[in-house]
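Descriptive structure summary
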Amino acid sequence: MKIRMKKTFTQYIAATVATTAMLWSSASCSFLETDNSGKLGGFWHLERIDTLATGGRNDLSKEKRFWSVQGSILEVSRREVGIMQPFIFRYEHSGNTLSLSDARSNDREKGDPAVENVEPLRQYGINELHETFNVEALDRSKMQLKSNTLRLFFVKM
C-alpha cells in the first residue's frame with residue numbers, strides 16, 4: 001500500500017509539472033525560447049557594496065537583497081519580513097556593459113508606476129534612474145559590477 005501510494009503521488013506530481021509546463025509554454029509564447037539573458041539570468045544575492053571614492057565596504061551578506069533577471073526584466077527586492085517593495089527595470093546587457101532603464105515599482109494593481117526618486121533604489125547599489133554598470137566579472141556563480149561610484153558583488157543562488 002505504501003509503495004503504491006508513493007508511486008501514485010510521484011506520478012501525480014510528474015503529471016502536474018508536465019501540464020503546468022505545457023500551459024506556461026503556450027501561454028507565454030515559448031518564453032524559454034525568447035529569454036536571452038544568458039549568464040546574467042537568474043537569482044543573485046547582493047553580498048557587498050564598495051564605495052570607490054572612499055574605499056568603504058558595506059557587507060550585506062547577512063541581508064536578503066536580491067537582483068533577479070529573467071527575459072527582458074531585472075527586478076531588485078528585499079526578501080525580509082515586512083519589507084517587500086520590489087522594483088523592476090528594463091535592461092540591456094551588451095559585452096561588458098549592463099544598462100538599467102525604465103525603473104518602476106513592481107505593483108500590478110497600480111499599473112507598475114514609474115519610479116521618480118532614486119532614493120529607494122540606493123540600497124541595491126543603484127544611484128541613477130538610468131544606471132550603467134561595467135561588468136567586471138560574470139560566470140555561473142559570481143557577478144561583479146562597477147558604476148561610476150560603487151562596486152557591487154553578487155553570488156548566484
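The structure presented is a predicted model; accordingly, all values stated were derived computationally and were not measured.

1. Details of unusual backbone geometry
Outside of glycine, negative phi angles account for most residues, and trans bonds account for most peptide bonds. Positive phi, close to 55 degrees, is recorded for Asp102, a residue that is not glycine. You can see Asp102 is positioned in strand β6 (residues 97–105). Even without being glycine, Asp112 reaches a positive phi, approximately 50 degrees. Structurally, Asp112 is set in the loop between β6 and β7 (131–138).

2. Quick notes on the pattern of salt bridges
Summed over all chains, the structure comprises 11 salt bridges. For the salt bridge of Arg79 with Glu75, the shortest nitrogen-to-oxygen distance reads 3.1 Å. For Asp112, the salt bridge is made with Arg108, and the minimal N-O distance between the two is 3.6 Å. Of the residues examined, Arg108 reaches a relative accessible area of 67% and is grouped as exposed. Overlapping salt bridges bring together Glu63, Arg65, Arg78 and Glu80 as one network.

3. Considerations on the packing of aromatic side chains
Pairs of aromatic rings are described using the distance from one ring centre to the other and the angle between the two planes. This structure, assessed with the given rule, holds three aromatic pairs. Their ring planes at 70 degrees and their centres at 5.7 Å tell us that Trp67 and Phe133 sit as a pair that is edge-to-face. Here Trp67 is found in strand β3 (residues 65–70), whereas its partner Phe133 is found in strand β7, with 66 residues between them in sequence. Given the relative accessible area of 1%, Trp67 is considered buried. A relative accessible area of 1% means that Phe133 is categorised as buried. Members of the aromatic cluster, connected to one another through ring pairs, are Trp67, Phe133 and Phe154. Of note, Arg48 hangs over the ring of Phe153, and the distance from its end group to the ring centre comes to 3.9 Å.

4. Regarding the pairing of β3
Side-chain positions along a regular strand alternate between the two faces of the sheet. β3 sits mainly inside the fold: five of its six residues count as buried. As paired strands, strand β1 (residues 42–51) and β3 are joined by four bridges and run antiparallel to one another. Following the sheet pairing, Phe43 is matched in β3 by Ser68. Sheet topology note: the β3/strand β4 (residues 73–78) ladder contains six bridges and is antiparallel. Residue pairing across strands places Trp67 opposite Val76, the latter belonging to β4.

5. Quick notes on the pairing of strand β8 (residues 142–146)
In β8, alternate side chains face the same way, and those of Met143 and Leu145 are buried while those of Lys142, Gln144 and Lys146 on the opposite face are not. Pairing of β7 with β8, which is carried by four bridges, proceeds in the antiparallel orientation. In the sheet register, Asn134 faces β8, and the bridge partner there is Lys146. Counting the residues that bridge the hairpin from β7 to β8 gives three residues. Two elements, β8 and strand β9 (residues 150–156), share five bridges in a ladder whose sense is antiparallel.

The rules behind each value
- Residues numbered from 1 in each chain as written.
- Predicted model: local features only at pLDDT ≥ 70, side-chain atom pairs only at ≥ 80, totals over all residues.
- Heavy atoms only, no water.
- Helix = DSSP H or I, 4+ residues; strand = E, 2+ residues; numbered from the N terminus.
- Salt bridge = Lys/Arg side-chain N within 4 Å of Asp/Glu carboxyl O.
- Buried < 20%, exposed > 50% of the residue type's maximum accessible area, 1.4 Å probe, protein only.
- Phe/Tyr/Trp six-rings, centres within 6.5 Å; stacked < 30°, edge-to-face > 60°.
- Lys NZ or Arg CZ within 6 Å of the ring centre and 35° of its normal.
- Pairing = 2+ DSSP bridges.

Just geometry here; none of it tells us what the structure is for.
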